[in-house]
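# Observations on the model geometry
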Amino acid sequence: MGNELPLRESTEIQGDILAGFKKDHVRLLLLRFGDRRRARAWLGRLRHRIATTADVAAFNSAFSRARRTAEGADPVDAAAVWRGVSFTYPGLAELIGGAPLTDVPAGSTQEALAQGSARRKDLLGDTGESDPAHWLFGAGHQEPVHAVLTIAADRPADLRGAVEEERAECERHRVFLVFEQRGATLPGHRRGQEHFGFRDGVSQPGVRGFDPPDPVDPVHVKGKPGTRLIAAGEFVIGHEPDHRVVTWLPGWMRDGSFQVVRRLAQDVPGWWAQAEEHVRELREAGLVPPHATGPWYAARLMGRWPSGTPLAHSPDRDVPLPPCAEVSNDVTFADDLDGRLTPLFSHLRKTNPRDGLKATEDDEAALAQEGILDGRRVLRRGIPFGPPYDPAAVDTARGLLFISYQSDLIAQFEFIQRTWVEAGDFPERTSPVGRDPVIGGAGSASFPAGESDFHQVEFKKFVRTEGSLYTFVPSLSALKWLSQGVIPVGGGPLEDQVFSAPLTLRRGEVISSGKARLRFQESGDLTVHDEHESERWRSGTDSGAVLAQLRPSGELAVLSAEGEPLWATPTAGHPGATLVARTTGDVEIRSAEGELLWHTDTAH
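Not measured: the values here are computed from a predicted model.

### Some points on helix H3 (residues 53-69)
The terminal C-alpha atoms of H3, which comprises 17 residues, lie 24 Å apart, in line with the 24 Å expected from a rise of 1.5 Å per residue. Taken residue by residue, H3 has Thr53, Val56, Ala57, Phe59, Asn60 and Phe63 as its buried positions. Angularly, the buried residues of H3 cover 165° about the axis, an arc narrow enough to put them on a single face. Each element contacted by the buried residues of H3 is listed here: helix H1 (15-18) and strand E2 (81-87).

This is the structure:
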């Protein structure tokens, strides 16, 4: 298995990224460095306690085998404590002694990391009660967070011991605690659920090179029908992504990942009261069956029943599963493209459209998952915080600690949040679909009523952001280099960026060599900007353009939605030609033999 699944044996990639800590008890220590020398010494000691993918994958496999043998019960003699660490952009700057990255193009994941999520609040829907002004951590007016230390354990006592050890280490090295976030799986029959009462973490992607492929259906994980295998480069830097332009990052970032940490407060009674109110109104109007209840309606907002059973599998009632059975992820929307059964606004479809996404009503078929949708997936490692809701008890804070890993903050997490979750017009329909009614903002949505009609319902917002961070999770080698202070300011020398056909640039994407930033603009123009973001060249195309493409025939073209070239370089007839963004500032097309065929003449 080792040669077939090399990532399972990685001692470089931190353990929570691909394998997942999967512990019942979690503590996040949000830390600030007081002194660079001591912070490096702290990291030099901590790095030996950081869990690797090999550590965690081996334990998880053994734990799962024991649990199956015990018919769903946790094995009493299997327990571990895992640690992971990540750093914000200011935290990396503190350890390195200057800017972590020389090249930070506008619209890039580098820029998102450098800015931090608080400065990107409008893109993420963090407004109103979710505005950073109300956050508990991560906002500009608060103490800066330099590092996030994650500690996860099977047993509460083991977690307490590890937390005490890490606090003592921090105190010894003048590393200060800014905020402490607890997390734990809910007790009893609520285990595995989030606070609204629904099974969580079901629709995880598989990862090529880590999860075994099904021998009959190799695009899916063995033993997990419906779980697609995604290229490792979508989650781990330096590995091949899924049909997407690779963002150049310095070599020290290889085997790392970008992490999103969000504290999401949940108003449980408010959310369920809205569900009961809506379904009562819909019943009175004759728009839903007489047997429809609050849970029936809530399942349509989620896309699943509380047990995790997909609505597509059981439209009328929940089907609880045996203790040792896995929730089905084998969900298709191919026969429900208009969202009559599982609404287009449902959380399940908004965050992972699968095979059921017709971007517009006029599209003849759903978009392919490979090459278009697979590259938007993230790995989620969330866990609830706070006690379950009890109407007889004094109310307290509760919600979900959302954690995700991805290789591009903008193309993955932010795209899902901005373009899908918070977009009332995604997918595009005559009757506007509406935002995600679970984690999205307030607004109207189109609930399917009857055979072809839609009824407008008004959703309020019951999930509130209370803190958010963008961080980078370095490899084990990079942790050593950071602790030794040997990573150069800026991350190292810039390099020419060389691409072969076929290469596609979609709106907002950028290829950068530092002095040359080739960007396909939202306006439909292909441009070259310099390191100061001053425009130096433009294709002159307009909003009718949907993508730019280096074609196998050798030309760089800007294409319309119909695939017609609106502009192209005069380099057709040179198969094997490459597109080169030079550190001189020029963008060139060179033949397979290296001959210069065309350039933007933007060297400076």
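Following the structure, the description resumes.
### Remarks on the pattern of salt bridges
As enumerated under the stated definition, the model contains 33 salt bridges in all. Between arginine 517 and aspartate 103 there is a salt bridge, with its nearest N and O atoms 2.8 Å apart. Within this pair, whereas arginine 517 is found in strand E18 (residues 517-520), its partner aspartate 103 is found in the loop between helix H4 (89-96) and helix H5 (109-115), the two being separated by 414 residues in sequence. Arginine 517 gets classed as buried once you look at its relative accessible area, which sits at 4%. Between arginine 244 and aspartate 408 there is a salt bridge, with the nearest N and O atoms lying 3.6 Å from each other.

### Re the packing of aromatic side chains
Tallied over the full model, the rule gives 21 aromatic pairs. Judged by centre distance (5.6 Å) and plane angle (65°), the rings of phenylalanine 345 and phenylalanine 459 are edge-to-face. With phenylalanine 345 in the loop between helix H9 (294-302) and helix H10 (347-351) and phenylalanine 459 in strand E13 (residues 453-459), the pair connects residues that are 114 residues apart, well separated along the chain. A relative accessible area of 0% means that phenylalanine 345 is categorised as buried. For the pair phenylalanine 415 and tryptophan 420, a centre-to-centre distance of 5.4 Å together with 80° between the ring planes defines the contact as edge-to-face. Three or more aromatic residues joined by ring pairs make a cluster, and in this case those are Phe196, Phe198, Trp271 and Trp272. The ring of phenylalanine 210 is capped by arginine 8, whose NZ or CZ atom sits 4.4 Å from the centre of that ring. Directly above the aromatic system of phenylalanine 415 lies the positively charged group of arginine 376, at a separation of 3.6 Å from the ring centroid.

### Focus on empty space enclosed by the protein
Using the criterion set out here, one finds four cavities of 30 Å³ or more in the structure. Secondary structure elements with two or more residues in the lining of the largest cavity: strand E15 (497-500) and strand E17 (510-512). Residue contributions to the lining of the largest cavity peak at three residues, all from E17. A breakdown of the residues in the lining of the largest cavity according to their chemical character gives seven nonpolar, five polar and one charged. As for the second largest cavity, its lining consists of Gln14, Asp16, Phe21, Gly84, Val85, Ser86, Thr150, Gln259, Tyr405 and Val473.

### Details of unusual backbone geometry
Leaving glycine aside, a negative phi is the common case for residues, and trans is the common case for peptide bonds. Backbone torsion omega between phenylalanine 426 and proline 427 reads -15°, so that peptide bond is classified as cis. Relative to the elements of secondary structure, proline 427 occurs in the loop between helix H12 (409-421) and strand E12 (443-449). Put simply, alanine 501 and proline 502 share a cis peptide bond, and its omega is -5°. Inspection of the secondary structure puts proline 502 in the loop between E15 and strand E16 (503-506). Even without a glycine there, the phi angle at arginine 174 is positive, about 55°. Turning to its location among the elements, arginine 174 is positioned in the loop between helix H7 (156-172) and strand E4 (175-184).

Conventions and cut-offs
- Residues numbered from 1 in each chain as written.
- Predicted model: local features only at pLDDT ≥ 70, side-chain atom pairs only at ≥ 80, totals over all residues.
- Heavy atoms only, no water.
- Helix = DSSP H or I, 4+ residues; strand = E, 2+ residues; numbered from the N terminus.
- Expected span 1.5 Å × (residues − 1).
- Buried < 20%, exposed > 50% of the residue type's maximum accessible area, 1.4 Å probe, protein only.
- Arc of directions from axis to C-beta.
- Contact = heavy atoms within 4.5 Å.
- Salt bridge = Lys/Arg side-chain N within 4 Å of Asp/Glu carboxyl O.
- Phe/Tyr/Trp six-rings, centres within 6.5 Å; stacked < 30°, edge-to-face > 60°.
- Lys NZ or Arg CZ within 6 Å of the ring centre and 35° of its normal.
- 1 Å grid on protein atoms, 1.4 Å probe; cavity = no way out; pocket = protein on both sides within 12 Å on 5 of 7 lines; lining within 4 Å.
- Points joined across faces, edges and corners; volume = space filled by probe spheres on them.
- Nonpolar A, V, L, I, M, F, W, Y, C, P; charged D, E, K, R; others polar.

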